[in-house]
Amino acid sequence: MESGCISCTVTIEELTSTGDVIKKTQHRNIMLVLGRDQFSEMILKLSYSKKEVKYPIRELVIHKKFVKDGKATIKLPDHKLQFLLSNCPPDKLIMFLKTMHTKLECLRQKGFMSMRKKFLSDVPKSFQDISPLTIKDLQTVHSAKAKLEQSKLAAPTQKSTVTGKRKRVDEKENVTESQMTMQAKRAKSLAMMSPSRVVNPLKLSKEQNTVLEAVLRKRNVFFTGSAGTGKSFLLKRIIGALPPQHTFATASTGVAACHIGGTTLHAFAGIGSGRAALQQCVELASRPQVAQQWKKCHHLIIDEISMVDGDFFDKLETVARVMRQTDEPFGGIQLIVCGDFLQLPPVIKDQAVKRKFCFQSRAWQKCMHVNLELSEVRRQSDRHFINVLQNIRIGRCSDDVQNTLKATARHNIQKDGILATRLCTHKEDVEQLNNHHLQKLTGESRMFHATDTDPVYSKQINNLCPVPDKLLLRLGAQVMLAKNMEVQRGLVNGARGVITGFENSSDGFPRVKFACGLEEVIKPVRWAMKAGSGVVLMRKQVPLKLAWAISIHKSQGMTLDCVEISLARVFEAGQAYVALSRAKSLEGLRVLDFDRSCVRANTEVLRFYHKLQLSQKMLQTSMGDYVAADAPLPPSHW
């Protein structure tokens, strides 16, 4: 029933026969429910203000351009009505619209009952909630679409073109070979689509479900875990389950913020670096646009919490209470916090100042209700490599770990012209290596310019977006994807490849051969980023970056097929672990100068995790194990 029911803000528009709006009313917290009547035909039920209205659906138009922002339009031409939906959890909205569209298409395949039969029927009126979307439903719709595409390809119909006045021409004379190829590809892709991906998307594990359930219970949650345990994946599911208008996704760094479609924590807070006196920070946050954000926020998400300074977190908590005029912890805002304190720590510019982690702050003790650690590693599948990484993470380097990593220095990880990416501790080394190797290439080159929403914000976009405003590529250049494109096919953020050519068109987009065996033309995609005061920034650019080298900081969240690491200049606890854990496998890893002295973990962080694991074991013992989302823990046990 979950997929056939949503609650959100709805603007109801009554339309004329020509589509003009004649009346408009807005209602908050309307419940929309899909159901079937006594004839098994679809009904849309709206419940609001102690009132229920039901609309039989035979015709349907859905506009879903902004569905990821929790917005959509449902138009019912038969009733001369359209519903403008907003502030709906995006994942629920996507599934609701998919269910509505698919169930109606299945009904069309069966055929509607005639009005005469309905009139003569003596079946009593009824309304039943629609059944969940099934693979069979999707297969019915997909096979119908595939047949339609194939029939178009086999027997092109006539179409109209305009040359001064409209006239009929034979489409066979106008369809070019490339158009025929595109139609064939579309028909093939429809036939090969896996309906199970829609009905059963990548599932959350039991422990991930525990975190999500705690979030939906409006608890303040911190979830952690080693690299590759699906923290980012879970965070995106959490964002998709919350109402967008009152949810603010932030991260400690611009790159991490871009990955989740949010903004930096500093930009959201509006208090600059946070080093000023508390009174000055409050004054900065009191600026109208910033204050409006604080008052509007019900759910604050903070990713990469390990790099947030504890004093800054304390100051943020005080500002939240002042801005929201309440003594509740963090001003009553729900906190969803994610990160691994055993990875990169807060950056401190003044070495005389002692580093303070967020979990050491007063605000943490006051605000955080639930602390959970994810344990199932999904990035790597080799148990031996996983054990090596887990030991490195906690600062242990036995002889076996040392010998395993030293042995990788002999690995030949070049494959089909794809070289290993060098992970560097300093960004200056990255720029020097990439520019050096690019200049050595003499083949065809192309410059790709980004399209930004507003040139005024170009500098800010450069800090947030993982790809530059100007991207120079040459034949033979080593590159990596900077965004998840098609996860199931291996085209993920960090996927390695080499430029094999450019399209023969005015755009000349690059053709890339990837380590996973695919060869694809990579076209520009969009990144949506949020600046302070709710400003949404957009960049459209080819999602590639040079990959001879990349910094350890910028590699967070990536999975690298072939990676070469020099750890001689490691300067932070956890830095060696972050670098090593980017590798997908031992076979794709080469460590040039491993020395066990580079393996370090902060003792205060280790104590924090020891306490967390003890409390988690006690929770598991009392409740039997992690519980799934359909059997949540009672509040008293959180």
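You'll find the structure just up there.
Presented here is an overview of the structure given in this document. (Residues numbered from 1 in each chain as written. Predicted model: local features only at pLDDT ≥ 70, side-chain atom pairs only at ≥ 80, totals over all residues. Heavy atoms only, no water.)

Helix and strand counts for the chain stand at 19 helices and 30 strands. Looking at the chain as a whole, 47% of its 638 residues qualify as buried. Sequence separation of at least 24 residues holds for 70% of the intrachain contacts in the chain that already meet a minimum separation of 6. Carbon together with sulfur atoms contributes 50% to the accessible area of the chain, which is approximately 32,100 Å² in total. (Helix = DSSP H or I, 4+ residues; strand = E, 2+ residues; numbered from the N terminus. Buried < 20%, exposed > 50% of the residue type's maximum accessible area, 1.4 Å probe, protein only. Contact = heavy atoms within 4.5 Å. Areas by Shrake-Rupley, 256 points an atom, 1.4 Å probe, with all protein chains shown as cover.)

Now for the packing of helix H14 (residues 383-393) against helix H15 (residues 399-407). How two helices sit against one another is set out by the angle between their axes and by the gap between those axes. In the contact formed by H14 and H15, the axes pass within 10 Å of each other and the chain directions differ by 115°. For the crossing formed where H14 meets H15, the hand is left-handed. Residues His-384, Val-388, Asn-391 and Ile-392 of H14 form the contact with H15, whose participating residues are Asp-400, Val-401, Thr-404 and Leu-405. (Axes fitted to C-alpha atoms, helices over the stretch in contact; angles between N-to-C directions. Left-handed = near helix turned anticlockwise from the far one by under 90°.)

With that settled, the discussion passes to the packing of aromatic side chains. In the structure shown here, the tally under the stated rule is 17 aromatic pairs. Aromatic pair Phe-222 and Phe-608: ring centres 6.1 Å apart, planes at 50°, arrangement tilted. Here Phe-222 is found in strand S11 (residues 221-225), whereas its partner Phe-608 is found in helix H19 (residues 603-623), with 386 residues between them in sequence. As far as the burial class goes, Phe-222 and Phe-608 line up, both buried. Seen from their ring centres, Phe-359 and Phe-608 are 4.3 Å apart, and the 15° between their planes marks the pair as stacked. Remark: Phe-608 occurs in helix H19 and Phe-359 occurs in the loop between strand S15 (334-338) and helix H13 (362-367); sequence separation between them is 249 residues. This pair shows no difference in class: Phe-359 is buried, exactly as Phe-608 is. Put simply, the rings of Phe-222, Phe-313, Phe-330, Phe-341, Phe-357, Phe-359, Trp-364, Phe-608 and Tyr-609 touch in pairs and so form one group of aromatic residues. Here the basic side chain of Arg-393 rests over the ring of Tyr-609, its NZ or CZ set 5.2 Å away from the ring centre. (Phe/Tyr/Trp six-rings, centres within 6.5 Å; stacked < 30°, edge-to-face > 60°. Lys NZ or Arg CZ within 6 Å of the ring centre and 35° of its normal.)

Taken together, three strands build an open sheet; the order of strands is S19-S26-S25 and the sheet is antiparallel. Looking along the sheet, the strands with just one partner apiece sit at the ends: strand S19 (451-452) and strand S25 (525-530). With two bridges connecting them, S19 and strand S26 (residues 536-541) associate as antiparallel partners. Directly across from Asp-452, in S26, lies its bridge partner Arg-539. (Pairing = 2+ DSSP bridges.)

A few words now on the environment of Pro-524. As for its placement among the helices and strands, Pro-524 is situated in the loop between strand S24 (519-521) and S25. Along the chain, Pro-524 and Val-542 lie 18 residues apart, while their C-alpha atoms are 4.0 Å from each other. Filtering out sequence-adjacent residues up to four positions away, Pro-524 remains in contact with Phe-509, Lys-540, Gln-541, Val-542 and Pro-543.

In terms of burial, helix H6 (residues 206-216) is a largely internal element, nine of the 11 residues being buried. Turning to H6, its buried residues number three or more, namely Glu-207, Gln-208, Asn-209, Thr-210, Val-211, Leu-212, Glu-213, Ala-214 and Val-215. Where H6 is buried, its residues contact S11, helix H7 (231-240), S15 and strand S16 (370-374).

Once that is clear, we can look at the pairing of S11. Counting buried positions over the five residues of S11 gives five, a clear majority of the element. Side chains Val-221, Phe-223 and Gly-225 of S11 all project onto a buried face; the interleaved residues Phe-222 and Thr-224 project onto the opposite face, where all are buried too. Bridge count for S11 against S15 is three bridges, and the pairing is parallel. Along S15, the bridge assignment pairs Val-221 with Ile-336. Alignment of S11 against S16, held across five bridges, turns out to be parallel. Each residue of the ladder has a partner; that of Thr-224, found in S16, is Glu-373.

We now examine the pattern of salt bridges. Applying the stated criterion across every chain yields a total of 22 salt bridges. The partner of Arg-596 in a salt bridge is Asp-399, with the nearest N and O atoms 3.1 Å apart. In this pair, Arg-596 sits in the loop between strand S30 (589-591) and H19 while Asp-399 sits in helix H15, placing the two residues 197 residues apart along the sequence. In this structure Arg-596 comes out as partly exposed when scored by relative accessible area, which is 34%. A salt bridge links Arg-590 to Glu-564; its shortest N-O distance comes to 2.6 Å. Placement of the pair is Arg-590 in strand S30 and Glu-564 in strand S29 (residues 563-565), with a sequence separation of 26 residues. Bridged by salt links that share partners, the residues Asp-311, Asp-314, Lys-356 and Arg-362 form one connected network. (Salt bridge = Lys/Arg side-chain N within 4 Å of Asp/Glu carboxyl O.)

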